[in-house]
Amino acid sequence: MATFTINFANNTNAAGNFCIFQRNPSLQSPNDFTLAWRVEHAGPHTKLPISWNTEFYFFWAKPGTLMPGVIFNAGEAIPTSLTENNAITLTKLDGNYKFIGQKNGNQQGVLSVVCDNTMPLNQASVGIGMSGAGTFAVQAQPNMNFVFSPNTQYWIAFGDFQQGQVLDTAGIDNPVQIVFPNAIFSMNATLNADRTWTITQGMD
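Below is a summary of the structure that appears in this document. All values reported here derive from a predicted model rather than from experimental measurement.

### Structural notes on the overall build of the chain
Of the regular secondary structure elements, the chain holds zero helices and 18 strands. The C-alpha extent of the chain, read off along each of the three principal axes, is 55 × 35 × 25 Å. In the chain, which comprises 204 residues, the proportion classed as buried is 48%. In the chain, the share of contacts with a sequence separation of at least 24, taken over all contacts with a separation of at least 6, comes to 66%.

### Let's talk about the nonpolar core
With 43 residues, the main nonpolar core has Ile6, Phe8, Trp52, Val126, Ile156 and Trp197 as its most contacted residues. Filtering out sequence-adjacent residues up to four positions away, Ile156 remains in contact with Ile6, Phe8, Cys19, Ile20, Phe21, Asn174, Pro175, Val176, Ile178, Ala189, Trp197 and Ile199. Core analysis: the next-biggest nonpolar cluster, separate from the first, contains 10 residues, Phe33, Leu35, Phe72 and Val166 among them.

### Topic: unusual backbone geometry
Although it is not a glycine, Ser131 sits at a positive phi angle of roughly 55 degrees. In this structure, Asn174 takes a positive phi of about 55 degrees despite not being glycine. Along the chain, Asn174 turns up in the loop between β15 (166-167) and β16 (176-178). Given a relative accessible area of 35%, Asn174 falls into the partly exposed group.

### A short note on the side chain of Thr34
Tracing the sequence through the fold places Thr34 in strand β3 (residues 33-35). Residue Thr34 is classed as buried on the basis of its relative accessible area, which comes to 13%. Discounting chain neighbours no more than four positions away, the residues touching Thr34 are Phe21, Gln22, Thr135, Phe136, Gln165, Val166, Leu167 and Thr169.

### Some points on the sheet that holds strand β4 (residues 38-42)
Backbone-to-backbone hydrogen bonds pair the strands of a sheet. The strands run either parallel or antiparallel. With respect to topology, four strands assemble into an open sheet ordered β4-β2-β14-β16, the strand pairing being antiparallel. The open sheet has two edge strands with one neighbour each: β4 and β16. Neighbouring strand axes in the sheet, compared pairwise and without regard to direction, differ in orientation by 30 degrees on average. In this structure, strand β2 (residues 16-23) lies alongside β4, joined through five bridges in antiparallel fashion. When the sheet's bridge partners are listed, Ile20 is paired in β4 with Arg38.

### Some remarks on the environment of Leu191
The topology assignment puts Leu191 in strand β17 (residues 186-191). Under the relative-accessibility criterion, Leu191 is labelled buried at 2%. Counting along the chain gives 108 residues from Leu191 to Thr83, while the straight-line C-alpha distance between them is 38 Å.

### Some remarks on the packing of aromatic side chains
One pass over the structure, following the stated rule, counts 15 aromatic pairs. Note on Trp52 and Tyr154: the rings are 5.1 Å apart at their centroids and 50 degrees apart in plane angle, and the pair reads as tilted. Of the two residues, Trp52 sits in strand β5 (residues 46-53) while Tyr154 sits in strand β14 (residues 153-159), which places them 102 residues apart along the sequence.

### Quick notes on the sheet that holds β17
Overall, mixed pairing links the four strands, which are arranged β5-β1-β17-β18 in an open sheet. Because the sheet does not close on itself, it has two edges, and the strands there are β5 and β18 (197-201). With strand direction ignored, the average angle separating the axes of adjacent strands in the sheet is 20 degrees. Pairing between strand β1 (residues 3-10) and β17: six bridges, direction parallel. Counterpart to Ile6 in the pairing with β17 is Met187.

### With respect to the environment of Arg195
Its location among the elements puts Arg195 in the loop between β17 and β18. Under the relative-accessibility criterion, Arg195 is labelled partly exposed at 38%. When the C-alpha positions of Arg195 and Asn174 are compared, they lie 8.2 Å apart, and in sequence the two are 21 residues distant. If we skip the residues at most four places from it in the chain, Arg195 touches Thr12, Ala14, Phe158 and Asn174.

What counts as what
- Residues numbered from 1 in each chain as written.
- Predicted model: local features only at pLDDT ≥ 70, side-chain atom pairs only at ≥ 80, totals over all residues.
- Heavy atoms only, no water.
- Helix = DSSP H or I, 4+ residues; strand = E, 2+ residues; numbered from the N terminus.
- Buried < 20%, exposed > 50% of the residue type's maximum accessible area, 1.4 Å probe, protein only.
- Contact = heavy atoms within 4.5 Å.
- Core = buried A, V, L, I, M, F, W, Y, C linked by side-chain atoms within 4.5 Å.
- Pairing = 2+ DSSP bridges.
- Axes fitted to C-alpha atoms, helices over the stretch in contact; angles between N-to-C directions.
- Phe/Tyr/Trp six-rings, centres within 6.5 Å; stacked < 30°, edge-to-face > 60°.

Structure representation (structure tokens):
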């Protein structure tokens, strides 16, 4: 499995957090929330790499009502893939949420989560992620089947972010998409003194 890296450089005089988040053009419902996927603090004039693999996961969390600013702290993480074990059920048993019944779904290329009839309203959330951290989440509802069709776009930003934070992507200041060319696994992202970005190909 390939490992991807973005080599960040903060060439400003301010400390802050580099944030990588994902966008998925197929998720267009207002009930689909984007999470701050990878967040690392960087002081002025410092450099740091952020790396990940492309293994998918199922997640659930108990953030209450999902809205921008809420933190999605996963209660369970179950590895999955787009071809095998890509369907799972979330239930509430003896007061605790739990994934059960992971299996091969009826359709390859998607990840599906069934919330059974034990789900209370506006308490739990379910989602998917990559490399051990959540990328997208929805509010869990009883007797609902949520289908995620991963179509990964990587985006970066710099500012006041927390790991797992539900993002208002329309309100993020100066985000930039990072595109990895074919067979290239490392990219450089430099935040310049004027808060513009310079994106170059890394050294693989």
